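Fold and contact review
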Amino acid sequence: FEHLEAAIVSFTTGSATSSEGLSRAAVELAVSIRYILAGQPETRVAAFLAHYVEVEEKRLRNWHEEGASLSEPHRNVHNQEIERRRAGVVAMGDLVRHLRQEFIAHGASQVAEAWPNIGARFRAIGHAVSYRTFYARMSSQVHSDAEETIRCLIARVSGDATLAERMAVE
């Protein structure tokens, strides 16, 4: 709700770009919640949490590999921070494994689900077209694609205020 409220405030105060990014975050979370509720919630919550831990573990491995090329003093600083972060990720992983075991003990499936990408979550809740239309449009600001730069160039070169307004409204 905080993202949604902030998106409305951003939009009404003329910050459409920020509104778009916040709206996308709100939509993605809503789709994830609907996806979780459309299946066995315990299994899907466990998949959501486990996926996060897996991504963080990979991020730490990649950070460590990239840091290997740094000078020793810099590498030591990064390695210290990596290990500090890793301790938190390990604790989160332990908690997620414990929750999954509790879910299983109370009737959830023993078969672990994989957490799907956002497109698959949209499809699973019957909104594949929404993923390809408005969600894809809202993603342009988040991913800093070139569309807004192209629009700005066209609007300025054309000198057509009506065209610029139509592009902004879209």
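Structure: above.
Throughout what follows, the structure given in this document is the object of discussion. Source: prediction; values computed, not measured. Every residue gets a number counted from 1 within its own chain, in the order that chain's sequence is written. Since the coordinates come from a predicted model, pLDDT governs what is reported: local features require at least 70, and pairs of side-chain atoms require 80 or more to be given and counted, while whole-chain, interface and lining totals use all residues. The side-chain quantities take in all heavy atoms of the structure and omit both hydrogens and water.

**Let's talk about the side chain of R121**
Starting at the N terminus, helices and strands are each numbered in turn, a helix being any DSSP run of H or I of at least four residues and a strand any DSSP run of E of at least two. In this structure, R121 sits in helix α5 (residues 118-124). We call a residue buried when its accessible area falls under 20% of the maximum for its residue type, exposed when it is over 50%, and partly exposed in between, using a 1.4 Å probe and counting protein chains only. By relative accessible area, R121 is classed as buried at 5%. Side-chain polar atoms of R121 contact the side chain of S32, separated by 3.1 Å. Polar contacts, as counted here, are pairs of nitrogen or oxygen atoms within 3.5 Å of one another; within protein the pair requires one atom able to donate a hydrogen and one able to accept it, and residues that are adjacent in sequence qualify only if both atoms are side-chain atoms.

**Comments concerning a nonpolar patch on the surface**
On the surface, F1, L4 and I8 cluster together to form a nonpolar patch covering roughly 390 Å² of accessible area. Mapped onto the fold, I8 is located in helix α1 (residues 2-12). Each patch is built from residues lacking any salt bridge and having more than 30% relative accessible area; the joining distance is 9 Å for like charges and 5 Å for nonpolar side chains (Val, Leu, Ile, Met, Phe, Trp, Tyr). Per-residue and other accessible areas follow the Shrake-Rupley method at a 1.4 Å probe size, with only the shown protein chains counted as cover for residues. Whenever Lys or Arg places a side-chain nitrogen within 4 Å of a carboxyl oxygen from Asp or Glu, that contact is recorded as a salt bridge.

**Considering the environment of G21**
Position of G21 relative to the elements: it lies in helix α2 (residues 16-38). Owing to a relative accessible area of 23%, G21 belongs among the partly exposed residues under this scheme. For the pair formed by G21 and M138, sequence separation is 117 residues and the distance between their alpha carbons is 6.7 Å.

**Considerations on the packing of α2 against helix α3 (residues 41-67)**
Here the axes come from fitting lines to C-alpha atoms, over the contacting stretch only for helices, and the angles between their N-to-C directions go from 0 to 180 degrees. Remark: α2 packs on α3, axes separated minimally by 7 Å, with the N-to-C direction vectors making an angle of 135°. Taken together, the axes of α2 and α3 lie oblique to each other. On the side of α2, the interface is formed by Y35, I36 and A38, while α3 contributes P41, R44 and V45. Partitioned by chemical class, the residues of the contact of α2 with α3 number five nonpolar, no polar and one charged. An angle below 35 degrees is read as roughly parallel, one above 145 as roughly antiparallel, one from 65 to 115 as roughly perpendicular, and any other as oblique. The criterion used for residue contact is that any of the two residues' heavy atoms lie within 4.5 Å. Under the scheme applied here, ten amino acids are nonpolar (Ala, Val, Leu, Ile, Met, Phe, Trp, Tyr, Cys and Pro), four are charged (Asp, Glu, Lys and Arg), and all others, including Gly, are polar.

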